[in-house]
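Understanding the architecture of this molecule
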Amino acid sequence: MKHLLPIFLLVWAAQAFGQEPLDSAFWDAEMEDSVSAMAIKPLDPSQTKKLLKQIIKRFNQDLKQKHEVGKYRTDATFIRETLAPFSVSRIESLKPGIAPHNPDNDFQLFLLPKFNYEGPYELTYRDSLYISHYLNTFPRICPNYLPTVPHLYNTIRGHIDKGPLLPFEEFSETMYYYKVTAYSIFDAAGRSVYRFTFARNGVKRYGKDVVYGKKYDVGELVGTAYFDSQSLRILQFNGKGRVPTEDHVINIRFQNDYDEDNGSPALRQTKLVWEAKGTKIKATVQRIPE
């Protein structure tokens, strides 16, 4: 397993470029001291458009790459208003990739949920089902996946025709709904990465309940991505997701870091904060070396 992020995580030091930091009390971003050794060059719109088309193509090719099963550990702390927090953790075997996932995970909801629990409450079976569902979801959160509303809450009866807007699904859609800016970043040794920032451009996007005809706000994912300038493979994604429901909004802030596994990206770690209706969840997903 090869590390793809040498000195380039020092771009975390450049918060002036519009990326909101995650909860600093929760974790510290990786940085280097030699910010002065960096050279940052903006790409013009034609370069940005051409590169983005190539990057989206590469990203979707990498999604299809096969990987050997690996071990991942998920840790989460649940905090709700004045209640005492509690923590859960689980180690499981997943297929690494941009979004580690075991297709059998969804069926685990109907089995006895298994995870380690630390807290003052006695969990019911229903509590355990919901916690297990969160633990199944967290490793999958990435540039091509946010949970859809029916998947977790079933508040729109499962008839929706679109999920949240994502930046790497389709080139034409990204160009239509996002304001995309790009930079080439060099260090003193000549190594380089591309940084792409995806912000909404004000064009509204709606879905439709295909049974009842109700329009709804699909939500979206915005953020900043870093790509290797040679392979165009993703190195890191810092995202902010918004998933509306009928009575509240789920806000998810997260950072994915990737290593190279069998020639394509594989998640090394995810750090996230999930906030919805008075509940905050702070979680990490870590690949465990074997």
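Residues numbered from 1 in each chain as written. Predicted model: local features only at pLDDT ≥ 70, side-chain atom pairs only at ≥ 80, totals over all residues. Heavy atoms only, no water.

1. Structural notes on the overall build of the protein
Along the backbone of the protein there are 4 helices and 14 strands. Classification of the 290 residues of the protein by burial places 48% in the buried group. As displayed, the protein offers around 14600 Å² of accessible surface, 51% of which is attributable to carbon and sulfur atoms. (Helix = DSSP H or I, 4+ residues; strand = E, 2+ residues; numbered from the N terminus. Buried < 20%, exposed > 50% of the residue type's maximum accessible area, 1.4 Å probe, protein only. Areas by Shrake-Rupley, 256 points an atom, 1.4 Å probe, with all protein chains shown as cover.)

2. Describing the side chain of Asn 238
Its place among the elements puts Asn 238 in strand 11 (residues 234-244). The class for Asn 238 is buried, based on a relative accessible area of 3%.

3. Observations regarding the confidence of the model for the protein
In the predicted model, the protein carries a mean pLDDT of 81, and the fraction of residues at 70 or more is 78%. Here residues 23-35 is a poorly scored stretch, pLDDT under 50, and it has 29 contacts once near neighbours within four places are set aside; other chains count. Across residues 106-110, confidence stays below pLDDT 50; counting only partners more than four residues off in sequence or on other chains, it has 8 contacts. (pLDDT = per-residue confidence, 0-100. Contact = heavy atoms within 4.5 Å.)

4. Quick look at helix 2 (residues 125-137)
A rise of 1.5 Å per residue sets the reference length of helix 2, with its 13 residues, at 18 Å; its end C-alpha atoms lie 18 Å apart and thus fit the reference within 8%. Where helix 2 is concerned, the buried positions are Ser 128, Ile 131, Ser 132, His 133, Tyr 134, Leu 135, Asn 136 and Thr 137. (Expected span 1.5 Å × (residues − 1).)

5. Brief notes about the environment of Gly 241
Note that Gly 241 resides in strand 11. On a C-alpha basis, the gap between Gly 241 and Tyr 145 in space is 9.7 Å, while along the polypeptide they are 96 residues apart. When neighbours within four sequence positions are excluded, Gly 241 is seen to be in contact with Leu 146, Glu 220, Leu 221, Ile 250, Asn 251 and Ile 252.

6. Looking at the pairing of strand 10 (residues 220-228)
Most of strand 10 sits inside the fold, with 7 of its 9 residues counted as buried. Two elements, strand 7 (residues 192-200) and strand 10, share 6 bridges in a ladder whose sense is antiparallel. Counted as the bridge partner of Val 193 is Asp 228 from strand 10. As paired strands, strand 10 and strand 11 are joined by 8 bridges and run antiparallel to one another. Each bridged residue has a counterpart across the sheet, and for Glu 220 the counterpart in strand 11 is Arg 242. Where strand 10 folds back onto strand 11 in an antiparallel hairpin, the turn is made up of 5 residues, including Leu 232, whose phi is positive at roughly 65 degrees. (Pairing = 2+ DSSP bridges.)

7. Comments concerning unusual backbone geometry
One non-glycine residue, Leu 232, lies in positive phi territory at about 65 degrees. Relative to the assigned elements, Leu 232 resides in the loop between strand 10 and strand 11. In this structure Leu 232 comes out as buried when scored by relative accessible area, which is 13%. The backbone of Lys 277 sits at a positive phi, close to 50 degrees, despite the residue not being glycine. Within the fold, Lys 277 resides in the loop between strand 13 (264-276) and strand 14 (279-288).

8. A few points about the pattern of salt bridges
Per the counting criterion, the structure on display carries 12 salt bridges. Residue Arg 200 is joined to Glu 220 by a salt bridge in which the shortest nitrogen-to-oxygen separation is 3.1 Å. Here Arg 200, found in strand 7, pairs with Glu 220, found in strand 10; they are 20 residues apart in sequence, far enough to count as distant. Relative accessible area serves as the criterion here: at 12%, Glu 220 is assigned to the buried category. Across the pair Arg 268 and Asp 259 runs a salt bridge whose closest N-O atoms are separated by 3.4 Å. Overall, the relative accessible area of 17% leaves Arg 268 in the buried class. For Asp 259, a relative accessible area of 1% gives the class buried. When salt bridges with common partners are traced through the structure, they connect Arg 200, Asp 217, Glu 220 and Arg 242 into a single cluster. (Salt bridge = Lys/Arg side-chain N within 4 Å of Asp/Glu carboxyl O.)

9. Points about the packing of aromatic side chains
Counted under the stated rule, the structure contains 16 aromatic pairs. Taking 4.9 Å as the distance between ring centres and 5 degrees as the angle between the ring planes, the aromatic pair formed by Phe 78 and Phe 86 counts as stacked. In this pair, the class of Phe 78 matches that of Phe 86, namely buried. Among the aromatic residues, those joined into a cluster by ring pairs are Phe 59, Phe 168, Tyr 178, Phe 196, Phe 198, Phe 227, Phe 237 and Phe 254. Just above the ring of Tyr 183 sits the side chain of Arg 195; from NZ or CZ to the centre is 4.6 Å. Just above the ring of Tyr 177 sits the side chain of Arg 205; from NZ or CZ to the centre is 5.9 Å. (Phe/Tyr/Trp six-rings, centres within 6.5 Å; stacked < 30°, edge-to-face > 60°. Lys NZ or Arg CZ within 6 Å of the ring centre and 35° of its normal.)

10. Some points on the nonpolar core
Core analysis: the largest hydrophobic core is formed by 51 residues, its most contacted members being Phe 138, Ile 141, Phe 168, Phe 196 and Trp 274. The dominant element in this core, judged by the number of residues it contributes, is helix 1 (residues 45-63), at 5 residues. Not counting chain neighbours up to four residues away, the residues in contact with Ile 141 comprise Leu 146, Pro 147, Ile 252, Phe 254, Asn 256, Thr 270, Leu 272 and Trp 274. Of all hydrophobic cores here, the second largest spans 5 residues; its members include Met 38, Ile 185, Tyr 226 and Leu 235. (Core = buried A, V, L, I, M, F, W, Y, C linked by side-chain atoms within 4.5 Å.)

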